[in-house]
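# Descriptive analysis of the structure
Each chain, written out:
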Amino acid sequence: MTQTTRQFWVRRIVWAVLIAITGVFVIVKVNATMYVSRPALDFYRAVEAVPKDKIIVISCEWEAGTRGENGPQTEALIRHCFEQDKRFAIFGWTYPPGPTFGQQIAERLAPRYHKRYGRDWVNWGYKAGGAIFIRAWAKNIPGKIGRDIYGTPITRLPAMQGICTIRDVGLIASITPSASVPVWIRYIYGFYRTKIVYACTGVMAPEAFPYYDAHQVAGVLKGLTGAAEYETLLRYRGDAMRRMPAQSAAHAAIILLIVIGNVIYIYSRRRPGAGSPPGR
Amino acid sequence: MIAVYVAGALIAAVGVWGLARLLTPVFQPATGALYYTGLAVSVLVWAGLMLTLHRMPAGVKKRVVILMTFAGGLIYVLEFYLPAQNRYIFFWRHSHTNAFSPMIEPIGDAYAVIFGFTLFLGAYNLARVHGRNIAARRPGYHNSIAFFLAFIAMMVFALWQTWAPKQVVIAHLWGIRHLTAADVWGYLFNSTYVPLQATLFSVLAFYMATAAFRAFRVRSAEAGLMMLAAFICMLGQVPLGMWLTHHLPLQGPLSNLRMEAMANWVLGVISMGGLRAVGFGILVGGLAVSLRFWLSLERGAFFEQEL
């Protein structure tokens, strides 16, 4: 077998193993237990602490690629807001489809909690302009947002009553796979000390910790695990909890593959006259 | 020499402040006839300005760009670094507040408009590149046709469903009744765009698994430590890892050996130190690059091209 053929088959076998393992745990129902970490607990407490007269800004800065992680995070947060009767605004400034996804989740959950668009939540849609827009937005929210996604002036919506500047925002929840949270920290936390919580993808979690440790971010949800922890706090088994066994299995499979790869590597090095290790 | 630079910066600051003060009333919200008149005048003024700029010699154009970049940056630098309220610095203002702060809003509006134009420019460039591919029948021009079909379909139905979401697009077709514009857009977005992008991203997991198997080798003690940290982090994030150490108490010294506690320690202590160091390095580098952009000292691609 030539090296190219070997590589071809090794790749396919690895992919097949991963598909099979995750597939089984997606189909088979396993009751997983989650222990809530401190960053997730702080995220939950930051939402609970928002006073009724202030609004929560749910910044949906994600798109379909990270829906698997950011979707359940957004859902758990919106569920929490509905349960606690907190007003919130869905907003996006990095990825245009983000607010659409947020709206879909809110509309799906609203009937269960008897919530109505415009009264209990509002969708500001996507706004272009990045950090410069955010700076201007903080000074005059109705002026910079103007109309909601349905074209209604936001000042006419009951959910927006009394919301004029960043001082009327109780919490900003940045749900994103990108490194956009420093913009919130620099221009919103830095100037106005508005609380920020950060829901990131698993790969971005290490980058969130310096901000969390410095109290610039009040709480962190780490990928799907963070969403599952949040669901545990809400005493609800949602998409995140349902997907945790599959993620467990995928992590175990990758660990196992690394171990197997290393065993083969050590064995091939010890064998006299051995060439390059298999799989390479 | 330094005195000349300081004097120049002060004159520029006063000039920028005066210009922005002058333009601030222009950016106030307007409605009805005033709005449309303002819009028409703005378009004409900007078209004239662009035409004049276009006809200027290359050296002058370059100086205009340098001046605009410097002025734009100066407003933000002064607004950021000068105190919010100070009776000595802002002595001429009754409120003694930062004189540059009121400009942030209108400049933010102007920036959002310019940003919108760049999106249009991006779409125009894409259309031009793919249009040429099709016209010249270059290899893979079928992909360009697919681009145009997807682009036009998404754009048409996105606009249609915004203006008239209930309007019927298809009345009767293969048993489908009353397919509205919103339905078609929903289908394109939820059943085409979303799965396509999710699939593209999920492929990463498979590449990661293959890469881990083929490339993650313990060739040294450092690599061994990295692998141990990776295993702890991976297991500490999922119920399986938590289950492995679930018999350990939740409180007390032994709780630190629980998998989730170890994973959080690796992320929150070990990895954070390194990340902070990297972050500082990146930001110091970013500051230097920003200064070079702001003062138009940057050289290389785009900066030395003939305008």
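Residues numbered from 1 in each chain as written. Chains lettered and ligands numbered in written order. Predicted model: local features only at pLDDT ≥ 70, side-chain atom pairs only at ≥ 80, totals over all residues. Heavy atoms only, no water.

## With respect to the environment of G108 of chain B
Tracing the backbone through its elements, the reader meets G108 of chain B in helix 4 (residues 104-135). Once residues within four sequence positions are removed from consideration, G108 of chain B is found in contact with I132 and A136 of chain A together with Y76 of chain B. (Helix = DSSP H or I, 4+ residues; strand = E, 2+ residues; numbered from the N terminus. Contact = heavy atoms within 4.5 Å.)

## Brief notes about the confidence of the model for chain B
As a note on interpretation, predicted positions should not be read in detail where pLDDT is low. Of all residues in chain B, 87% attain a pLDDT of 70 or more, and the chain-wide mean is 84. This prediction of the complex comes with two scores: 0.83 for pTM and 0.82 for ipTM. (pLDDT = per-residue confidence, 0-100.)

## Some words on the side chain of S296 of chain B
Mapped onto the elements, S296 of chain B comes out in the segment after helix 9 (259-294). The contact partners of S296 of chain B, leaving out residues within four places of it in the chain, are I66 and T69 of chain B.

## Regarding the nonpolar core
Membership of the largest hydrophobic core comes to 63 residues, with the highest contact counts inside it found for W124 and W137 of chain A. The leading source of residues in this core is helix 7 (residues 181-192) of chain A, at eight residues. Excluding its chain neighbours within four sequence positions, the residues that come into contact with W124 of chain A are V57, A89, I90, F91, W137, I141, I145, R147, I149, I154 and M160 of chain A. One finds A76, A199 and L233 of chain A together with V184 of chain B within the second-largest nonpolar core, a separate group that totals 40 residues. (Core = buried A, V, L, I, M, F, W, Y, C linked by side-chain atoms within 4.5 Å. Buried < 20%, exposed > 50% of the residue type's maximum accessible area, 1.4 Å probe, protein only.)

## What about the pattern of salt bridges?
A side chain with one charge can pair with a side chain of the opposite charge if their charged atoms come near. Taken as a whole and judged by the stated rule, the model has 12 salt bridges over all chains. In this structure, D85 of chain A and K115 of chain A form a salt bridge, with 2.3 Å as the shortest nitrogen-oxygen distance. Highlighted residues: D85 of chain A in the loop between helix 3 (67-83) and strand 2 (88-92) and K115 of chain A in the loop between helix 4 (98-113) and strand 3 (121-126), separated in sequence by 30 residues. For D85 of chain A, a relative accessible area of 47% gives the class partly exposed. Since its relative accessible area comes to 15%, K115 of chain A is described here as buried. Notably, a salt bridge pairs K144 of chain A with E105 of chain B, separated by 3.5 Å at the nearest N-O pair. Residue K144 of chain A is found in helix 6 (residues 141-145), and its partner E105 of chain B is found in helix 4; the two belong to separate chains. Here K144 of chain A falls in the buried class, since its relative accessible area comes to 10%. Bridged by salt links that share partners, the residues E75, R79 and R108 of chain A form one connected network. (Salt bridge = Lys/Arg side-chain N within 4 Å of Asp/Glu carboxyl O.)

## A look at the packing of aromatic side chains
Scanning the model with the defined rule gives 33 aromatic pairs over all chains in all. Taken together, a centroid distance of 6.5 Å and an interplanar angle of 70 degrees make the contact between F91 of chain A and W184 of chain A edge-to-face. Placement of the pair is F91 of chain A in strand 2 and W184 of chain A in helix 7, with a sequence separation of 93 residues. Classification of W184 of chain A as buried rests on a relative accessible area of 0%. Summarising the aromatic geometry, the rings of F90 of chain B and W92 of chain B are spaced 6.1 Å apart at their centres and angled 70 degrees between planes, so their arrangement reads as edge-to-face. Residue F90 of chain B is classed as buried on the basis of its relative accessible area of 1%. Taking relative accessible area as the criterion, W92 of chain B reaches 42% and is therefore assigned partly exposed. These aromatic residues form a ring-pair network of at least three members: F82, F88, Y113, Y117, W121 and Y150 of chain A. One cation-aromatic arrangement involves R79 of chain A over Y236 of chain A; the distance from NZ or CZ to the ring centre is 3.6 Å. Across from the ring centre of Y35 of chain A, 4.4 Å away, lies the NZ or CZ of R258 of chain B, which sits over that ring. (Phe/Tyr/Trp six-rings, centres within 6.5 Å; stacked < 30°, edge-to-face > 60°. Lys NZ or Arg CZ within 6 Å of the ring centre and 35° of its normal.)

## Quick word on helix 8 (residues 205-213) of chain A
Buried within helix 8 of chain A we find A205, A208, F209, P210 and Y212 of chain A. Among the residues trailing helix 8 of chain A, H215 of chain A stands out with phi positive, at a value near 60 degrees.

## Topic: the interface of chain A and chain B
Facing 59 residues of chain A, the contacting portion of chain B comprises 55 residues. At the boundary of chain A with chain B, total buried surface from both sides reaches about 5,300 Å², with 69% on carbon and sulfur atoms. Three residues stand out in chain A for area buried against chain B, namely Y35, I132 and I258 of chain A, and they jointly supply 12% of the buried area on that side. Linking R135 of chain A and E79 of chain B is a salt bridge whose minimum nitrogen-to-oxygen distance equals 2.6 Å. Counting across the interface, chain A meets chain B through 21 residue pairs in polar contact (both at pLDDT 80 or more). Among the secondary structure elements, those contributing two or more residues to the side of chain A that touches chain B are helix 1 (3-27), helix 4, helix 5 (130-139), helix 7, helix 8 and helix 10 (239-270) of chain A. By residue number, the principal contributor to the side of chain A that touches chain B is helix 10 of chain A, which donates 15 residues. Considering only residue class, the side of chain A that touches chain B consists of 32 nonpolar, 16 polar and 11 charged. (Buried area = accessible area lost by both parts, 1.4 Å probe. Polar contact = N/O pair within 3.5 Å; in protein donor to acceptor, adjacent residues only side chain to side chain. Nonpolar A, V, L, I, M, F, W, Y, C, P; charged D, E, K, R; others polar.)

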